[in-house]
Amino acid sequence: MSNVRIPPVLRETTGGNRTVTAEGATVDQVLGDLFVRYPALRERVTTDGELSPFVNVYVNDRDVRYRDGLATAVGPDDTVILLPAMAGGAR
Amino acid sequence: MTNQPATPRPIREVTVPEAIRLAGEGYRILDVREPTEWDQGHIPTAILLPLADVADRIEETIPDRNAFIVVHCAAGVRSVRAVARMQALGYTNAVSMRGSIFDWRRAGGAWEVPQALLTPAQQRRYSRQLLIPEIGQKGQRRLLDSRVLLIGAGGLGSPAALYLTASGIGTIGLVDDDVVDESNLQRQVLHTADRVGVPKTESARMTLNALNPETRVVEHRERLSAENVERLIAGYDVIVDGTDNFDTRYVLNDAAVKLRKPVVHGSIYRWDGQVTTFVPFDGPCYRCMYPTQPPEELAPACAVAGVLGVLPGIVGLLQANEVFKLLLGVGEPLAGRLLMFDAMSTAFDEVRIWRDPACPACGDAVQAAPVAGQPRAAYTEVSAR
């Protein structure tokens, strides 16, 4: 069971939760578990079954793109962070 | 010495002529006065380490505990204390110079007065940061000679501009084509209620001029675009990105990489903020982090999503902090690190971001890359690192 941090722009898909727990030994499995419970999350995070290019996924502080992508291992005490680009600024 | 501290060993003191002789024989000279005293003149070969820092920093300053060292201050009181502290740490060959620096100069000891880098008025105004070892007169001079461009004179730009100006950045440029709106005032603290309808750059200039007349405030009353970006950023040392949309962020990123300008990035959403520093070719750029921009419906602006007033204050000042480090060349900028702030739980978090060798903007084989839907001239600079 790993912890997954849900960024503010995606929280509406998880009922407002900032952190949720998920089962799975890889990023793919963790996301799959989340998509079952929070179906709206899927289209916000993936495109055609792949991670969307504007969403970064980190296991602890490491970007999975520079590890094994969706196959990156997730340990029980790991924290998965979903991080889409945020634009908000000045005006 | 009347107020010599209790110590297990007697402090060896030397006269001024002896000290001059020992200096000639290769003794290290340690000056334990304050930076402000040092700036008014010092022994050219001396190392500055104020008394208060001796216990904590002597080991990094002079690692060799057997080194032969003459310690001096202005009159010979602080140097005795310094030697006592050094002896307690095992420095057995340190001696204190008994006598004043005036005696030293009268006796023909080497002396140099650094060129005045700051006017007396500047010394008074910036005295609190002149005391910081990493700034001092040289650092302040550098800040006064620096030019910082803020993209957006709004939520993030306001706190950044206020503190950068207060601390004596020489030139602050502001890029914004908007006018002050009543709904801005909850967070955009550069602007005031009586300036609703006034161009933001003008309102900002009024506030910043009042705060520090010495800082030159340059108004760029236009919206950053692919057409004007290079002209706007070319004359600046550091860019603070507080824009409100993705198009602008990519346009700025690509031009900044091309012109090798560091960009301090900040973004906010309701209770959450992010900060990172893009140093071209030294760390990742914005495109390394997010190769493409999300569709518009997934990227709501403040106007749609709302933002806590204090959040841009915090994030904008984290950006200003990055600017200081970049300009002074000290500390560890947030290059390759994305700092996330969660105001709701008051927690900071950090993830690493990597330079993508295949990045279209800063990758190893930078080639013609379509940017923000526009064809762009090929440029073939390849990373030196």
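All of these numbers come straight from a predicted model, not from anything done at the bench.

Novice: Before we go on, may I ask you to explain the interface of chain B and chain A in this structure?
Specialist: Size of an interface: often given as the accessible area lost when the parts come together. Tallying the contact residues gives 37 residues for chain B and 20 residues for chain A. For the side of chain B that touches chain A, the secondary-structure elements that each account for two or more residues are α12 (246-259), β10 (263-269), β11 (272-278), α14 (302-305) and β13 (347-352) of chain B. No other element matches the four residues that β10(B) contributes to the side of chain B that touches chain A. Of the residues assigned to the side of chain B that touches chain A, the class counts are 18 nonpolar, 12 polar and seven charged.

Novice: So what exactly am I meant to see when it comes to the pairing of strand β1 (residues 2-5) of chain A here?
Specialist: Residues in a regular strand project their side chains so that they alternate between the two faces of the sheet. Residue and element names in this part refer to chain A. Across the two faces of β1 the burial differs, with Ser2 and Val4 buried and Asn3 and Arg5 not buried at all. Bridge count for β1 against strand β2 (residues 19-22) is four bridges, and the pairing is antiparallel. Residue pairing in the sheet places asparagine 3 in a bridge with threonine 21 of β2. Judged from the three bridges that link them, β1 and strand β7 (residues 79-84) form a sheet pairing that is parallel. Opposite arginine 5, over in β7, you have isoleucine 81 as the bridge partner.

Novice: What's the story with the sheet that holds β13(B) in this structure? I'm lost.
Specialist: What links the strands of a sheet is backbone hydrogen bonding, and the strands pair in either a parallel or an antiparallel sense. All names here are of chain B. Across the sheet, which stays open at both edges, the eight strands sit in the order β8-β7-β6-β9-β10-β11-β12-β13 with mixed pairing between neighbours. The open sheet terminates on both sides in strands that have one partner only, identified here as β8 (216-220) and β13. Within the sheet, the average angular offset between the axes of one strand and its neighbour, ignoring direction, is 15 degrees. Bridge analysis of strand β9 (residues 238-241) against β10 gives three bridges, and the strand direction is parallel. Following the sheet pairing, valine 240 is matched in β10 by valine 264. Together, β6 (147-151), β7 (171-175) and β9 form the strand contacts of helix α9 (residues 157-166), whose direction differs from that of β7 by roughly 165 degrees. Docked against the sheet, helix α15 (residues 310-328) engages β6, β9, β10, β11 and β12 (337-342), running at close to 170 degrees with respect to β10.

Novice: So what exactly am I meant to see when it comes to the sheet that holds strand β1 (residues 13-14) of chain B here?
Specialist: Residues and elements named next belong to chain B. Pairing within the open sheet is parallel, and its five strands lie in the order β1-β5-β4-β2-β3. Looking along the sheet, the strands with just one partner apiece sit at the ends: β1 and β3 (47-48). Note: strand β2 (residues 28-31) against strand β4 (residues 69-72), four bridges, orientation parallel. When the bridges of β4 are listed, aspartate 31 appears paired with histidine 72. With respect to the sheet, helix α1 (residues 16-24) is in contact with β1, β2, β4 and β5 (94-97), its orientation differing from that of β4 by roughly 135 degrees. Packing against the sheet, helix α4 (residues 78-88) makes contact with β4 and β5, and its axis sits at approximately 170 degrees to β5.

Novice: Looking at this structure, how should I read the packing of α9(B) against helix α10 (residues 200-211) of chain B?
Specialist: Packed helices, taken two at a time, are described by the angle between their axes plus the distance between the axes. Residue and element names in this part refer to chain B. α10 packs onto α9 with a crossing angle of 30 degrees between their chain directions and a minimal axis gap of 9 Å. Comparing their axes, α10 and α9 come out roughly parallel. Handedness of the α9/α10 crossing: right-handed. Contacts between α9 and α10 involve Ala161, Leu162, Thr165 and Ala166 from the first element and Ala204, Leu208 and Leu211 from the second. Along the lines of polarity and charge, the residues of the contact of α9 with α10 split into six nonpolar, one polar and no charged.

Procedures and definitions
- Residues numbered from 1 in each chain as written.
- Chains lettered and ligands numbered in written order.
- Predicted model: local features only at pLDDT ≥ 70, side-chain atom pairs only at ≥ 80, totals over all residues.
- Contact = placed C-beta atoms within 7 Å.
- Helix = DSSP H or I, 4+ residues; strand = E, 2+ residues; numbered from the N terminus.
- Nonpolar A, V, L, I, M, F, W, Y, C, P; charged D, E, K, R; others polar.
- Buried ≥ 20, exposed ≤ 12 C-beta atoms within 10 Å, placed from the backbone.
- Pairing = 2+ DSSP bridges.
- Axes fitted to C-alpha atoms, helices over the stretch in contact; angles between N-to-C directions.
- Parallel < 35°, antiparallel > 145°, perpendicular 65-115°, else oblique.
- Left-handed = near helix turned anticlockwise from the far one by under 90°.

So far we have only geometry, and geometry alone does not tell us how the molecule works.
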